[in-house]
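Fold and geometry: a report
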Amino acid sequence: MVGIGFRKDFAAELLQSNTLSPSFIEVAPENWIGVGGYWKKLFYKALEKYPLYTHGLSLSIGSPDELDYDFLKKVKLFLTETNAEIYSEHLSYAKCDNAHLYDLLPIPFTQDAAMHVAKRIEMIQNVLDRKIAIEIVSYYSPVAPEITEIDFINLILKQTDCDLLLDVNNVYVNSFNHQYDAKQFINALPLERVSYIHMAGHLQLSDTLIIDTHGEAIIDPVFDLFEHTIKKLGRDIPVLLERDFNIPELEELQLEIDRLQTIKQDALKKENYAAA
Amino acid sequence: MPLLESTYRNQSALASYCRTGNYRPIKGINKKNITQYRRLVFSIVDDMLTSAFPLAYGLVSNREWASLTKDFFSNHPCSSPQVWHMPKEFYHYLSTIRHPLLAKYPFLLELLWFEWLEIDLYMMADKIVPYNSIGDISTDALVLNPESHFQHFNYPVHLKNAKKITKADHSNYYLTIHRLPETGSVSFTNLSPALLRMLEILANQPCTVTALSQQVCSELGITYTDDILKTTTGFIQESLQSQLIIGFAPN
Ligand SMILES: [Fe+2]
């Protein structure tokens, strides 16, 4: 299964033609909660055609602020109304001192922050009455780190039973920006916890910095890392193509979806031979 | 293990740098790369406000726009988890602080509000009321489109190119904004106070054209005549056509 991020830019075209044929769509609840009129009609038409996965933006799991329970309840209602299969959020913070920033800021890699995040994941799962998946985000600078990124993530995963959303492009971006081996990083994750994969393009700004834009096509090294990940996983899980900006013709997006599908199938076939 | 004060301070320093551009030292950061966060955060803010307010953005200079948006994002803690609510928070912030640019452009707040209303009506959750599409205009009670809003302005921000509005335009302007049930598009109607009053009455409960005319006449101290009923019926017909009035109350 390969899905696509449902964007208003191509929503109408997606529904009118079969140029793009994703297995599911993904939206951010923040963009659709409380929306009526034209967009609601279109969104509900899409829901008749595709299963829904959701990926939150503003819950701010890593924030020092109180958890926004009112908002969380709205998310819960949205997930029920839309029959959403997955709810994922980011391992970052988007709100601090009661101000939303609408972007994903890196959490300090410290033990206390990891414990704090783990506790909040538990609280969220209790309210939502479902398991969530958390996504490792791309980041451009560490913030007062006391432990490594991988230890930080694994500490959180040890403290809670949530799933992991593995954004392969984010790992690639981070390995480039912070100079580590992406494959080793993936191998060090508890891969049995991965329930969902994200794939996207990025923008290289300089010799030392990549920005995670979701505005370009996926590059070959990220496809390679994807193949490596699937082989390591040895099982089929849903994959999402994220394209938020600079959106090309739908044919082009379909080619990327096809390529992801092929890589996944081939990798799993070879894995099965190896196992047999 | 609770979140340590030092961790909170580092998170707060980064967030505050993104909002204001004022940097407080954070251990272990990459000073060059951290500027990307300020750039990325602010470009989200600027994109959101520029696309929500194309008329206001076109009216003021680039420097003035930057000062408004930077002032807003530095000093106002955005409270909504939904980024598309930001334009409304921008409007409310500027109306509370009485920004100096409001003296130069006395109609700027109304212009911003007008632009927000269009987004608000387009996006707002569906409101459903019972009604019949077919009925007798002279005898059946009329139902107002529940997806509508009444507005009074002192400047003709809905009628005139913003660059051409002057202090001499200061007056009273009444209008309605409503969403069309089928397409979801938003439509503005310029109205006289008497017609707007009729719609206000309809907003309370469905009412016949005769009762509407009679009530408004009595409120204004005018004698009710057949001519007034004819004019009102004409207005109701137009409003049915434009779907500002969506139909007739079911019996
Ligand atoms: Fe992602």
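Nothing here was measured: the structure is a model prediction, and the numbers come from that model.

Regarding its fold elements, chain B presents 10 helices and five strands. Taken over the C-alpha trace, chain B has a radius of gyration of 24 Å; the compact-globule value for 251 residues is 18 Å, which it surpasses by more than 25%. Its C-alpha atoms give chain B principal-axis dimensions of roughly 80 × 50 × 30 Å. By sequence separation, contacts in chain B at least 24 residues apart represent 57% of the contacts at least 6 residues apart. Carbon and sulfur atoms make up 54% of the accessible area of chain B, which totals about 12,400 Å². When the 21 basic and 21 acidic side-chain charges of chain B are each reduced to a single mean position, those positions are 20 Å apart.

A separate point is the overall build of chain A. Counting secondary structure elements, chain A contains nine helices and 12 strands. Taking 19 Å as the expected radius of gyration for a compact globule of 276 residues, we find that chain A reaches 18 Å, a close match to that expectation. Burial status across chain A gives 60% buried among its 276 residues. By element, 48% of the accessible surface of chain A is carried by carbon and sulfur atoms, the whole surface being about 10,800 Å². When the 25 positive and 42 negative side-chain charges of chain A are each reduced to one mean point, those points stand 6 Å apart.

All names here are of chain A. Among the surface-exposed residues, Glu13, Glu249, Glu251 and Glu252 lie close enough to one another that they form a single negatively charged patch. Structurally, the position occupied by Glu251 is in helix α9 (residues 250–275). Judged by its relative accessible area of 46%, Glu251 is partly exposed.

Now for the interface of chain B and chain A. Listed as interface residues are 46 residues of chain B and, on the opposing side, 48 residues of chain A. A combined buried area of about 3,900 Å² lies between chain B and chain A, and 60% of that area is made up of carbon and sulfur atoms. Taken as a group, B:Gln11, B:Tyr37 and B:Pro81 account for 17% of the area that chain B buries against chain A, more than any other trio of residues on that side. Between chain B and chain A we count zero salt bridges in total.

Moving on, we get to the sheet that holds strand β3 (residues 173–179) of chain B. Residues and elements named next belong to chain B. Taken together, three strands build an open sheet; the order of strands is β2-β3-β4 and the sheet is antiparallel. The open sheet terminates on both sides in strands that have one partner only, identified here as β2 (148–153) and β4 (186–191). Taken over all neighbouring pairs, the strand axes of this sheet differ in orientation by 25° on average, direction set aside. As paired elements, β2 and β3 share six bridges and run antiparallel to each other.

Next up on the list: helix α3 (residues 69–82) of chain A. Residues and elements named next belong to chain A. End to end, α3 covers 20 Å across 14 residues, agreeing with the expected 20 Å (1.5 Å per residue, within 8%). The inward-facing, buried residues of α3 contact β2 (25–27), α2 (37–49), β3 (52–55), β4 (86–90) and α4 (111–128). For α3, the N-terminal cap is Asp68; the gap from its side-chain oxygen to the backbone nitrogen of Asp70 is 3.4 Å.

Right, let's talk about the packing of α4(A) against helix α5 (residues 149–159) of chain A for a bit. Residue and element names in this part refer to chain A. For the pair α4 and α5, interaxial distance at closest approach is 9 Å and the crossing angle is 40°. Between α4 and α5, the angle falls in the class oblique. Considering the relative orientation of α4 and α5, their crossing is right-handed. Contacts between α4 and α5 pair Gln111, Ala113, Ala114, Met115, Val117, Ala118, Ile121 and Glu122 from the former with Phe152, Leu155, Ile156 and Gln159 from the latter. Here the residues of the contact of α4 with α5 are counted per class, giving nine nonpolar, two polar and one charged.

The next point concerns α2(A). One turn of an α-helix holds 3.6 residues; hence residues three or four places apart share an orientation. With 13 residues, α2(A) extends 19 Å from end C-alpha to end C-alpha; this agrees with the ideal 18 Å at 1.5 Å per step. Among the residues of α2(A), A:Gly37, A:Trp39, A:Leu42, A:Phe43, A:Ala46 and A:Leu47 are the ones counted as buried. Buried residues along α2(A) sit against α1 (8–16), β2, β3 and α3 of chain A together with α7 (108–123) and β3 of chain B.

A few words on the domain arrangement of chain B. Residue and element names in this part refer to chain B. Its domain assignment divides chain B into domain 1 (5–123) and domain 2 (142–248). Taking only C-alpha atoms into account, the centre of domain 1 sits 35 Å from that of domain 2. Facing 13 residues of domain 1, the contacting portion of domain 2 comprises 20 residues. Summing both partners gives a buried area of about 1,500 Å² for domain 1 against domain 2, and 74% of it is carried by carbon and sulfur. Of all residues in domain 1, the largest losses of buried area upon contact with domain 2 belong to Glu110, Phe114 and Leu121, amounting jointly to 40% of the total for that side. Our count for the contact surface shared by domain 1 and domain 2 stands at zero salt bridges. The tally of links from domain 1 across to domain 2 stands at six residue pairs in polar contact (both at pLDDT 80 or more).

The next point concerns the coordination of the iron ion. The textbook angles at a metal center are 109.5 degrees for a tetrahedron of four donors and 90 or 180 degrees for an octahedron of six. All names here are of chain A. Here the iron ion is held by the protein donor atoms Glu135 (OE), Asp167 (OD), His198 (ND1) and Glu242 (OE), which lie 2.0 to 2.5 Å from it. Around the iron ion sit four donor atoms, and with donor-metal-donor angles ranging over 78 to 157° the site reads as irregular. For the iron ion, the single-chain donor residues occur in sequence as E-x31-D-x30-H-x43-E. One end of the pair, Glu135, is in strand β7 (residues 133–135); the other, Glu242, is in strand β12 (residues 239–242), with 107 residues separating them in the sequence.

Glancing now at the pairing of β4(A). All names here are of chain A. Burial runs high along β4: five of the five residues are buried. Taking every second residue as pointing to the same face, both faces of β4 are buried, with Ile86, Ser88 and His90 on one and Tyr87 and Glu89 on the other. Direction of pairing for β3 relative to β4: parallel, over a ladder of three bridges. Its bridge partner being in β4, Tyr53 is matched across the sheet by Ile86. In this region the chain leaves β3, passes through α3 and returns to the parallel neighbour β4; the handedness of that crossover is right-handed. Where β4 and β7 come together, three bridges link them in parallel fashion.

Thresholds applied
Residues numbered from 1 in each chain as written. Chains lettered and ligands numbered in written order. Predicted model: local features only at pLDDT ≥ 70, side-chain atom pairs only at ≥ 80, totals over all residues. Heavy atoms only, no water. Helix = DSSP H or I, 4+ residues; strand = E, 2+ residues; numbered from the N terminus. Rg over C-alpha atoms; globule rule 2.2 N^0.38 Å. Contact = heavy atoms within 4.5 Å. Areas by Shrake-Rupley, 256 points an atom, 1.4 Å probe, with all protein chains shown as cover. Lys, Arg positive; Asp, Glu negative; His and termini not counted. Charge placed at Lys NZ, Arg CZ, Asp CG, Glu CD. Buried < 20%, exposed > 50% of the residue type's maximum accessible area, 1.4 Å probe, protein only. Patch = residues over 30% accessible without salt bridge, like charges linked within 9 Å, V, L, I, M, F, W, Y side chains within 5 Å. Salt bridge = Lys/Arg side-chain N within 4 Å of Asp/Glu carboxyl O. Buried area = accessible area lost by both parts, 1.4 Å probe. Pairing = 2+ DSSP bridges. Axes fitted to C-alpha atoms, helices over the stretch in contact; angles between N-to-C directions. Expected span 1.5 Å × (residues − 1). Polar contact = N/O pair within 3.5 Å; in protein donor to acceptor, adjacent residues only side chain to side chain. Parallel < 35°, antiparallel > 145°, perpendicular 65-115°, else oblique. Left-handed = near helix turned anticlockwise from the far one by under 90°. Nonpolar A, V, L, I, M, F, W, Y, C, P; charged D, E, K, R; others polar. Domains from an automatic or database assignment. Donors = N, O, S within 2.8 Å, 3.2 Å for Na, K, Ca; no water. Tetrahedral: all angles 85-135°; square planar, octahedral: opposite > 155°, others 65-115°. Right-handed = clockwise from strand over helix to strand, strands pointing away.

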